[in-house]
Amino acid sequence: MDNSVLKKRLMTFKGNKGNLIKVSDDLLYDIIRSWEAWSGTSTDLAKELGIHVKQLSFIVRKAKKLHREGRFPVEEFKEIKINSESGQIMELGPCTGMELVWSNGKVIRFSQVDLLVDFLKKAA
């Protein structure tokens, strides 16, 4: 989500003195996703959102707590592949191949059946 949209949404939760009051869970979710994707400093993100850096740190802590409690939806698995020649990361999207569930509950997803067969041969 664009930071200018997040800034406008945050302004609806600002009180008369500039403090944030009862920020909704869905906005907390969007802010923590933006914070995770931000490549600069937290101070720069806070300036872009129009809030103080201490307010941003409080929002991030609260959002992390809600995430640990399971309030946010579980994200879909996103496979990434690194091109060995160029070193670039390519996102392939949701897995369309096979899934292997181990006895301890771990899931391994394979985008191609050939990769699953090779893995099973090596694991046996």
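Attention in this report is confined to the structure presented alongside it.

What counts as what
Residues numbered from 1 in each chain as written. Predicted model: local features only at pLDDT ≥ 70, side-chain atom pairs only at ≥ 80, totals over all residues. Heavy atoms only, no water. Helix = DSSP H or I, 4+ residues; strand = E, 2+ residues; numbered from the N terminus. Buried < 20%, exposed > 50% of the residue type's maximum accessible area, 1.4 Å probe, protein only. Salt bridge = Lys/Arg side-chain N within 4 Å of Asp/Glu carboxyl O. Patch = residues over 30% accessible without salt bridge, like charges linked within 9 Å, V, L, I, M, F, W, Y side chains within 5 Å. Areas by Shrake-Rupley, 256 points an atom, 1.4 Å probe, with all protein chains shown as cover. Lys, Arg positive; Asp, Glu negative; His and termini not counted. Charge placed at Lys NZ, Arg CZ, Asp CG, Glu CD. Contact = heavy atoms within 4.5 Å. Polar contact = N/O pair within 3.5 Å; in protein donor to acceptor, adjacent residues only side chain to side chain.

Side note on the overall build of the protein chain
On a plain count of helices and strands, the protein chain comes out with five helices and four strands. Counting from the amino terminus, the protein chain carries its helices and strands in the arrangement α-α-α-α-β-β-β-β-α. Taken across its 124 residues, the protein chain has 20% of its residues classed as buried.

Describing the pattern of salt bridges
A pair can form between side chains of opposite charge whenever their charged atoms are brought close. Counted according to the given criterion, the structure contains three salt bridges. Here Asp30 ties to Arg9 by a salt bridge, and the two come within 2.5 Å at their closest N and O atoms. Residue Asp30 is found in helix α2 (residues 25–37), and its partner Arg9 is found in helix α1 (residues 3–11); the two are separated by 21 residues along the sequence. Here Glu36 and Arg33 are joined by a salt bridge, their closest N and O atoms 2.4 Å apart. You can see Glu36 and its partner Arg33 sitting in helix α2, three residues apart, about one turn around the helix. Residue Glu36 is classed as partly exposed on the basis of its relative accessible area, which comes to 49%. Look at Arg33 and you get partly exposed, because its relative accessible area is 21%. A cluster of three or more residues bridged by salt bridges with shared partners is formed by Arg9, Asp26 and Asp30.

As for a positive patch on the surface
Positive charge collects at one region of the surface, where Lys62, Lys64, Lys65 and Arg68 lie side by side. Mapped onto the fold, Lys65 is located in helix α4 (residues 53–68). Residue classification places Lys65 among the partly exposed residues on the basis of a relative accessible area of 46%.

A short note on the environment of Ser42
Secondary-structure assignment places Ser42 in helix α3 (residues 42–49). Overall, the relative accessible area of 33% leaves Ser42 in the partly exposed class. Ser42 sits 10 residues away from His52 along the chain, and the two C-alpha atoms are 9.9 Å apart. Residue contacts for Ser42: discarding those within four places in its chain leaves Trp35, Val53 and Leu56. Within polar-contact distance, the side chain of Ser42 engages the side chain of Trp35 at 3.4 Å.

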